[in-house]
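The residues making up each chain are set out below.
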Amino acid sequence: MLKFVKNHMDSISGIEIYPIISLLIFFLFFVILFYWVITAKKEYIKNVSNIPLDKDELDNQNDHLS
C-alpha cells in the first residue's frame, strides 16, 4: 500500500515543495504564538484567567435567567 502511494507521489512534478510549506506554516504559527505569550501583559493574562471564576458575572447571568 505504501509503495503505491509513494510511487504515485513520485510521478507528480513539483510535489516536494508541499511538505516544506507545511513545515514552515507549522513552525511560524508556533513561533508567533510563543512570541505573543512572552510579550503578553501580565494584567491581561490575569484578567483572562479569572473570567470563569468571576462571581459578579455569574450573579448577573443568574439574574437575567430568573
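In the block above lies the structure referred to throughout.
Here is a short report on the structure shown in this document. (Residues numbered from 1 in each chain as written. Predicted model: local features only at pLDDT ≥ 70, side-chain atom pairs only at ≥ 80, totals over all residues. Heavy atoms only, no water.)

## Observations regarding the overall build of the protein chain
Working step 1: Looking only at helices and strands, one finds four helices and zero strands in the protein chain.
Working step 2: Along the protein chain, helices (α) and strands (β) appear in the sequence α-α-α-α when read from the amino end.
Working step 3: Residues counted as buried form 2% of the 66 residues belonging to the protein chain. (Helix = DSSP H or I, 4+ residues; strand = E, 2+ residues; numbered from the N terminus. Buried < 20%, exposed > 50% of the residue type's maximum accessible area, 1.4 Å probe, protein only.)

## Looking at the packing of aromatic side chains
Working step 1: Within the structure shown, the criterion is met by three aromatic pairs.
Working step 2: A centroid spacing of 6.4 Å and a plane angle of 80° characterise the contact between W36 and Y44, whose relative ring orientation is edge-to-face.
Working step 3: With a relative accessible area of 45%, W36 lands in the partly exposed category.
Working step 4: Here a set of aromatic residues connected by ring pairs shows up, and it is made of F26, F29 and F30. (Phe/Tyr/Trp six-rings, centres within 6.5 Å; stacked < 30°, edge-to-face > 60°.)

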